[in-house]
Structures are given as C-alpha cells and as structure tokens.
Amino acid sequence: MAPEQTKYAERSIPKISLHDFANRIDEVTAQLIHAAETDGFFGLVNHGIALADIEAMFDTSASFFALPDATKAKVPFTTKNAGWEKNAQIRPSTGKADQKESYQMQFGANMAGLWLPDEDLPGFQAKSLQFMRQAQGVSEKLMVCFARGLGFADDFFVKAHDVSRPETQTVLRLLHYFEVDKTVPVPEGYYRAGAHVDWDFITLLFQRAGQSGLEICPGREASTGFGLGDTWTKVEPAPGEIICNIGDMLMSWSDDRFKSTFHRVKTPSDPEVDYYGPRYSLAYFNQPCTDVEIQGPLKKYPMVTGAEFTRNAMQRNFAALKAKQEALAELKKSAIDAAA
Ligand SMILES: O=C(O)CCC(=O)C(=O)O
Ligand SMILES: [Fe+2]
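Residues numbered from 1 in each chain as written. Chains lettered and ligands numbered in written order. Predicted model: local features only at pLDDT ≥ 70, side-chain atom pairs only at ≥ 80, totals over all residues. Heavy atoms only, no water.

J.: Please clarify how the coordination of the iron ion (ligand 2) should be interpreted in this entry.
T.: As a benchmark, a tetrahedral metal site with four donors has ideal angles of 109.5 degrees, while an octahedral site with six donors has ideal angles of 90 or 180 degrees. The protein atoms that coordinate the iron ion (ligand 2) are His-196 (NE2), Asp-198 (OD) and His-263 (NE2), at distances of 2.1 to 2.2 Å. In the primary structure, the donors to the iron ion (ligand 2) are separated according to the pattern H-x1-D-x64-H. Residue classification places His-196 among the buried residues on the basis of a relative accessible area of 13%. The class for Asp-198 is buried, based on a relative accessible area of 7%. (Donors = N, O, S within 2.8 Å, 3.2 Å for Na, K, Ca; no water. Buried < 20%, exposed > 50% of the residue type's maximum accessible area, 1.4 Å probe, protein only.)

Quick look at the structure:
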C-alpha cells in the first residue's frame, strides 16, 4: 500500500510583539488569548532575548552534543524528566524512536547528579542556567497575561512556576537531530520527532535559521488522536523568533478554553525543498512545581497536583505507546499470515 500523502495548507501563525510590554499589556493579553483560543500556536518577537544570546546557547548546545556518547551517558535520562537520551524517545503516534538525541536540564532537585562535571565541559552549567533564566523571564510575561485572561490574580501562574523552589519541574531541552543521507530513502513512518502534543503549561521553542522541519496542526483543527491524516503547516525558522505552543497542562487549567497543539519535526525526504543537515533546537517547557494544585476556574476537571499531572501524562503516553506497538505487531503478523 502506498503511504498516504501528507496534506499541507498555508496558514498564518499569529506574530505577537512584546515590545513596551508594561504599557501594552492589555493589547498583548488580548492577542495571546485569541491565539490560545484558536491556533494554540504563535510566534513571539521583540521578547527581549538578544539574538546573540540565543546563538550563544546554540553554540553551547552544539558543544554538549559534540562530546563522546560515553561522556553524555554519565548523565542519562531519568523518570524525573531530566538527562540525556539518544534514539530512545518512542512516540505513540509512530511507534518508532525519534531520530535525535536530547538533553533536559532543570533548575531544582530533579537535576541532582544530572549536571555534567564542569571539567567535561567548562562553563556549561552556568551558561545554560543563565539562558534558562532569560527564557523564564519571557515565560512569566505570558503567564501574567494568561492569568488575566482566566480571571486569576496576575501572579497566579508565576508563583505556580517558581523556578527558585526545589519543587520546580521546568525544563530546558537541547535537541540535536542527526544529518540525513540524501541518497538513502527514509523508511516509512520515521520522523525526526513524531507528532505529539506537549504536556506542559506552555513551550518556548528556539530554532536556527535555515534548519527547517517543524510542522504544526492548529488546536482547533486537529481532529484525530495524534494529528494523523490532518492538515499540516510548515513553520519556517525566523532569526530570533520564539515559537510558542500551548501544552496539555494549560489546556486543562483553562477548562479546555486554550488549545494544546499537535506538532512534529519531519525527516527530510525531498531534496528539492527539505533541509538534510543537522538540526538543533531549544525547547523551554514551563512546568508547575510538584506541589501546585491545578484546576481551571470552571472546575471542569478534578484537581490534581503538578506531580500527579506529570505522572499521569507520562503514564498516558506509555499506555498509548503500548497500544500502538501491539497494533503494529498485529499488522505484521497478519501480513506474514497472508503471505504464508
Ligand atoms: O525540535 C523541534 O522543533 C520541536 C521539539 C519538540 O516539539 C519537543 O521536543 O517537544
Ligand atoms: Fe513538542
């Protein structure tokens, strides 16, 4: 059977400027709430993080991934949602491992033992934490606006995501997708990152100019479990722009008013248009502290703590993955039986 062709559509992604934020907060709030209620995705410009700082963090990330695997393996991925993995994240949407490696860092207790010793990469921890604090500053502006939109006190979400507390779960993820050989056809179903929604509050994604591949399916239009068969839109990286998407946590905390959004990173397959080189991205996942109580103003869902929400999300993912793998095994068995 020929693989189904992906359907694409040109859609404009809202661009929201944070310049003169203190004086424009009402206007920015209205724009953010509209984007959250419809697309679930928007680009942030004039956010205050200099392009040079973003580029410096990409260089820091590249120096981490250039280390031998044996060194990176000193800080392996853990159930605390921190550490390094390579070709190990299997998505329920594909049943296959993403073609990438990633390293997740946090500010608090979950990071114990998961920072590389400084002699392996001098200055790495300090530079990463400095960039994480900058991303946190931008995130807190968004949190004030979302709190206003939902009728909470201005500092409600900022307090819930206090990264100075040991209970913090917020993550900066460095991502490295490997260079792809143009002469080898991509096996069906392989993605640099398979279709998924994020389970956090909101994600800030930094991309590098020219390193395309990100595709989204807006929240109001996703109609199937994993965005499969839906219509996708390519998001070209623009220098300095931060692409933001609402995660499941904020969707639930807003009683489903704000839309969590499917996205993926395509494996290049068309030498005419696709980017085959190595791709680096930085994803800042805002996560509430473990002891924060999460419930929307309309109380649509039972109250859960930040720790429970993360645990449930990981378990749901695991159950969906198991179901996908069983379905794939069944399909393989029927094909073998049919051929016999
Ligand atoms: O690398 C990207 O552009 C997207 C990464 C992503 O969606 C994720 O890690 O959740
Ligand atoms: Fe994501």
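J.: Whenever I open this one, the site of ligand 1 confuses me. Can you help?
T.: Every residue close to ligand 1 is listed here: Arg-173, Leu-175, Tyr-177, His-196, Asp-198, Leu-205, Leu-214, His-263, Val-265, Arg-279, Ser-281 and Phe-285. A distance of 3.0 Å is found between an oxygen atom of ligand 1 and a side-chain nitrogen or oxygen belonging to Arg-173. When isolated, ligand 1 has an accessible area of 290 Å², and the protein chains bury 97% of it. Judged by its atoms lying within 2 Å of the grid points, ligand 1 is housed in the second largest pocket. Looking at the shell around ligand 1, the elements that each hand over two or more residues are strand S6 (171–177), strand S12 (262–266) and strand S13 (279–285). In terms of residue class, the shell around ligand 1 is built from 6 nonpolar, 3 polar and 3 charged. (Near = heavy atom within 4 Å. Polar contact = N/O pair within 3.5 Å; in protein donor to acceptor, adjacent residues only side chain to side chain. Areas by Shrake-Rupley, 256 points an atom, 1.4 Å probe, with all protein chains shown as cover. 1 Å grid on protein atoms, 1.4 Å probe; cavity = no way out; pocket = protein on both sides within 12 Å on 5 of 7 lines; lining within 4 Å. Sits in = over half its atoms within 2 Å of the grid points. Helix = DSSP H or I, 4+ residues; strand = E, 2+ residues; numbered from the N terminus. Nonpolar A, V, L, I, M, F, W, Y, C, P; charged D, E, K, R; others polar.)

J.: What's the story with the layout of surface pockets in this structure? I'm lost.
T.: Empty space left among the atoms is revealed by rolling a probe the size of a water molecule over them. Considered as a void within the structure, the second largest pocket measures approximately 1,100 Å³ in volume. Elements that contribute at least two residues to the lining of the second largest pocket include exactly S6, strand S7 (191–196), strand S8 (202–207), strand S11 (242–246), S12, S13 and helix H7 (306–339). Sorting elements by how many residues they give to the lining of the second largest pocket places H7 first, with 7 residues. Across the lining of the second largest pocket, the residue classes break down as 23 nonpolar, 11 polar and 9 charged. (Points joined across faces, edges and corners; volume = space filled by probe spheres on them.)

J.: Just to check I follow, could you spell out the packing of aromatic side chains for this structure?
T.: Working definition: an aromatic ring pair is given by the centre-to-centre distance plus the angle between the planes. Across all of its chains, the model carries 14 aromatic pairs by this definition. The interplanar angle of 75° and the centroid separation of 5.5 Å between the aromatic rings of Phe-152 and Phe-157 together place this pair among those described as edge-to-face. Across the pair, Phe-157 and Phe-152 agree in class, each one buried. Between Phe-156 and Trp-253, the ring centres sit 5.9 Å apart and the planes meet at 70°, which makes this aromatic pair edge-to-face. Separated by 97 residues along the polypeptide, Phe-156 in helix H5 (residues 156–160) and Trp-253 in helix H6 (residues 248–253) bring together distant segments of the chain. A relative accessible area of 30% means that Phe-156 is categorised as partly exposed. Accessibility expressed as a relative area gives 0% for Trp-253, which makes it buried. When the ring centre of Tyr-190 is taken as reference, the NZ or CZ atom of Lys-96 above it lies at 5.6 Å. Here the basic side chain of Arg-264 rests over the ring of Trp-232, its NZ or CZ set 4.0 Å away from the ring centre. (Phe/Tyr/Trp six-rings, centres within 6.5 Å; stacked < 30°, edge-to-face > 60°. Lys NZ or Arg CZ within 6 Å of the ring centre and 35° of its normal.)

J.: Quick question: what am I supposed to make of the sheet that holds S8 here?
T.: Two pairing modes exist for strands in a sheet, parallel and antiparallel, and in both the strands are linked by backbone hydrogen bonds. Pairing is mixed in the open sheet, where 8 strands are placed in the order S2-S3-S11-S8-S13-S6-S5-S4. The sheet is open, and its two edges are formed by strand S2 (15–17) and strand S4 (83–86), each paired on a single side. Between one strand axis and the next, the sheet turns by 25° as a mean value, whatever way the strands run. Bridge count for S6 against S13 is 7 bridges, and the pairing is antiparallel. Residue Arg-173 lies in a different strand from S13, and its bridge partner there is Ala-283. Of the strands in this sheet, S2, strand S3 (41–45) and S11 touch helix H1 (residues 21–37), which is tilted by about 160° from S2. Lying over the sheet, helix H2 (residues 51–65) contacts S4, strand S5 (100–106), S6, S8 and S13, oriented at roughly 110° with respect to S13. (Pairing = 2+ DSSP bridges. Axes fitted to C-alpha atoms, helices over the stretch in contact; angles between N-to-C directions. Contact = heavy atoms within 4.5 Å.)

J.: Help me out: how do you make sense of the sheet that holds strand S1 (residues 7–8) in this one?
T.: The sheet built from 5 strands is open, its strands ordered S1-S10-S9-S12-S7 with mixed pairing. Both outer strands of the open sheet, S1 and S7, are each paired with one neighbouring strand and no more. One ladder, built from 2 bridges, connects S1 with strand S10 (residues 231–234); its direction is parallel. Counterpart to Tyr-8 in the pairing with S10 is Trp-232.

J.: Honestly, empty space enclosed by the protein in this entry has me stumped. Any pointers?
T.: This structure, assessed with the given rule, holds 2 cavities of 30 Å³ or more. Put simply, the largest cavity is a space of about 40 Å³. Lining of the largest cavity is provided by Trp-115, Leu-116, Pro-117, Asp-118, Leu-121, Phe-124 and Gln-125. Here the second largest cavity is characterised by a volume of approximately 30 Å³. Forming the boundary of the second largest cavity are Gln-207, Val-235, Glu-236, Pro-237, Ala-238, Glu-241 and Ile-243. Grouping the amino acids of the lining of the second largest cavity by side-chain chemistry returns 4 nonpolar, 1 polar and 2 charged.

J.: What should I look at first to understand the packing of H2 against helix H4 (residues 124–150) in this one?
T.: When two helices pack together, their arrangement is given by the angle between their axes and by how far apart the axes lie. For the pair H2 and H4, the least separation of the axes is 10 Å and the interaxial angle reads 140°. Our classification of the angle between H2 and H4 gives oblique. H4 is crossed by H2, and the crossing has left-handed handedness. Contact residues: Asp-53, Ile-54, Met-57, Thr-60 and Phe-64 in H2; Phe-124, Lys-127, Ser-128, Phe-131 and Gln-134 in H4. Tallied by class, residues from the contact of H2 with H4 come to 5 nonpolar, 3 polar and 2 charged. (Parallel < 35°, antiparallel > 145°, perpendicular 65-115°, else oblique. Left-handed = near helix turned anticlockwise from the far one by under 90°.)

Nothing here speaks to function; it is geometry throughout.
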